[in-house]
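Fold and contact review
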Amino acid sequence: AKRLVYSLHTEYNLSIQRALSRALGLLASRQCEAVRKAGGIDPLVAVLKGSPCPEAALAVLNVAAAPAARRELLDLGAVEALVKLLLHGADDSFGEPMQQEDAVQMASYAAGALANLTASSPEASRRALAAGAVAALSGLLAAGRSDLEAKSWASAALGHMQSAPSAPSVPPRAAARSAAAAAAAAA
């Protein structure tokens, strides 16, 4: 894990960053604590902030499943970076055009990472709400191009944010519109 983290931290080529992020993501799915202890969270969040990278979102999704890693992810701004990916990742705002398949995959991983981060974390929920996660996740639910997994992760993240203490309630009309839009998209 240490060699992967060092390589990711020093690499500037996006293709290689993607490969290293994927390797760390796969490792984190089995040995999350090893990735965290090796210092993998900081360079993964840096990659997320620097470019639309589905593999980095996958790695954050897997690392965020461990409660011990959530504090570090919050401190580094992972929530805000993930919401930004959901809001702007598939367009040209990062300067890199993205393939449709990568955009759908990235949205799924980013929604999953938000779901894992907001699980039992009122602070992550507040940050996600402040960053615009409701609009981003609701858009993902309503989008026809999203896959079922992305919609499932988006629903979970919205549920976690809704159940967080002091979270604003979703107006019934907005919830009904989101549910109707999601049902129409699924049909």
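**Here we look at the overall build of the protein chain**
When helices and strands are tallied, the protein chain shows eleven helices and zero strands. Put simply, the protein chain runs from its N terminus to its C terminus through helices and strands in the order α-α-α-α-α-α-α-α-α-α-α. Counting every position in the protein chain, which comprises 187 residues, the buried fraction comes to 46%. A sequence separation of at least 24 residues applies to 73% of the contacts in the protein chain between residues at least 6 apart. Total accessible area computed for the protein chain in this model is approximately 8,900 Å², and 55% of it derives from carbon and sulfur atoms.

**Observations regarding helix α6 (residues 78–88)**
Listed as buried for α6 are Ala78, Val79, Ala81, Leu82, Val83, Leu85 and Leu86. Residues of α6 that are buried make contact with α3 (41–50), α4 (54–64), α5 (67–75), α7 (100–118), α8 (122–131) and α9 (133–142).

**Brief notes about the pattern of salt bridges**
Scanning the model with the defined rule gives five salt bridges in all. Notably, a salt bridge pairs Glu55 with Arg18, separated by 2.8 Å at the nearest N-O pair. One end of the pair, Glu55, is in helix α4; the other, Arg18, is in helix α2 (residues 14–37), and 37 residues separate them in sequence. Here Arg18 falls in the partly exposed class, since its relative accessible area comes to 22%.

**Brief notes about the packing of helix α1 (residues 2–10) against α3**
As a packed pair, α1 and α3 sit with axes 9 Å apart at the nearest point and diverge in direction by 35 degrees. As for how α1 packs across α3, the hand of that crossing is left-handed. Residue-level contacts link Val5, Leu8 and His9 of α1 to Asp42, Pro43, Leu44 and Val47 of α3. When grouped by side-chain class, the residues that make up the contact of α1 with α3 number five nonpolar, one polar and one charged.

**Here we look at the side chain of Gln17**
Within the element layout of this structure, Gln17 appears in helix α2. Look at Gln17 and you get buried, because its relative accessible area is 13%. Beyond its immediate sequence surroundings of up to four residues, Gln17 is in contact with Leu8, Glu11, Tyr12 and Val47.

**What about the environment of Ser125?**
The topology assignment puts Ser125 in helix α8. For Ser125, a relative accessible area of 1% puts it in the buried group. Taking the C-alpha atoms as reference points, Ser125 and Leu158, 33 residues apart in sequence, are found 8.9 Å from one another. In contact with Ser125, other than residues within four places in its own chain, are Thr118, His160, Met161 and Ala164.

**Comments concerning the side chain of Asn116**
Among the structural elements, Asn116 can be located in helix α7. A polar side-chain atom of Asn116 sits 2.8 Å from the main-chain carbonyl oxygen of Leu61. Filtering out sequence-adjacent residues up to four positions away, Asn116 remains in contact with Leu61, Ala64, Ala65, Arg70 and Trp153.

**Some details on the nonpolar core**
Leu73, Leu82 and Leu137 are the most contacted members of the largest nonpolar core, which totals 54 residues. Those residues in contact with Leu82, other than ones at most four positions away along the chain, are Leu48, Val60, Ala110, Ala113, Leu114 and Leu117.

**So, the confidence of the model for the protein chain**
Detail in the predicted coordinates should be disregarded across regions flagged by low pLDDT. Counting all residues, the mean pLDDT for the protein chain is 82, and 81% of those residues have values of 70 or more. Confidence drops under pLDDT 50 across residues 170–187; counting only partners more than four residues distant or on other chains, this segment forms ten contacts.

**As for the packing of α6 against α9**
Between α6 and α9, the shortest axis-to-axis distance is 9 Å and the interhelical angle comes to 45 degrees. When the axis of α6 is compared with that of α9, the two are oblique. As α6 runs across α9, the sense of the crossing is left-handed. Contacts between α6 and α9 involve Val83, Leu86 and Leu87 from the former and Ala133, Ala136, Leu137 and Leu140 from the latter. Within the contact of α6 with α9, the residues separate by chemical class into seven nonpolar, no polar and no charged.

Reading guide: rules and limits
Residues numbered from 1 in each chain as written. Predicted model: local features only at pLDDT ≥ 70, side-chain atom pairs only at ≥ 80, totals over all residues. Heavy atoms only, no water. Helix = DSSP H or I, 4+ residues; strand = E, 2+ residues; numbered from the N terminus. Buried < 20%, exposed > 50% of the residue type's maximum accessible area, 1.4 Å probe, protein only. Contact = heavy atoms within 4.5 Å. Areas by Shrake-Rupley, 256 points an atom, 1.4 Å probe, with all protein chains shown as cover. Salt bridge = Lys/Arg side-chain N within 4 Å of Asp/Glu carboxyl O. Axes fitted to C-alpha atoms, helices over the stretch in contact; angles between N-to-C directions. Left-handed = near helix turned anticlockwise from the far one by under 90°. Nonpolar A, V, L, I, M, F, W, Y, C, P; charged D, E, K, R; others polar. Polar contact = N/O pair within 3.5 Å; in protein donor to acceptor, adjacent residues only side chain to side chain. Core = buried A, V, L, I, M, F, W, Y, C linked by side-chain atoms within 4.5 Å. pLDDT = per-residue confidence, 0-100. Parallel < 35°, antiparallel > 145°, perpendicular 65-115°, else oblique.

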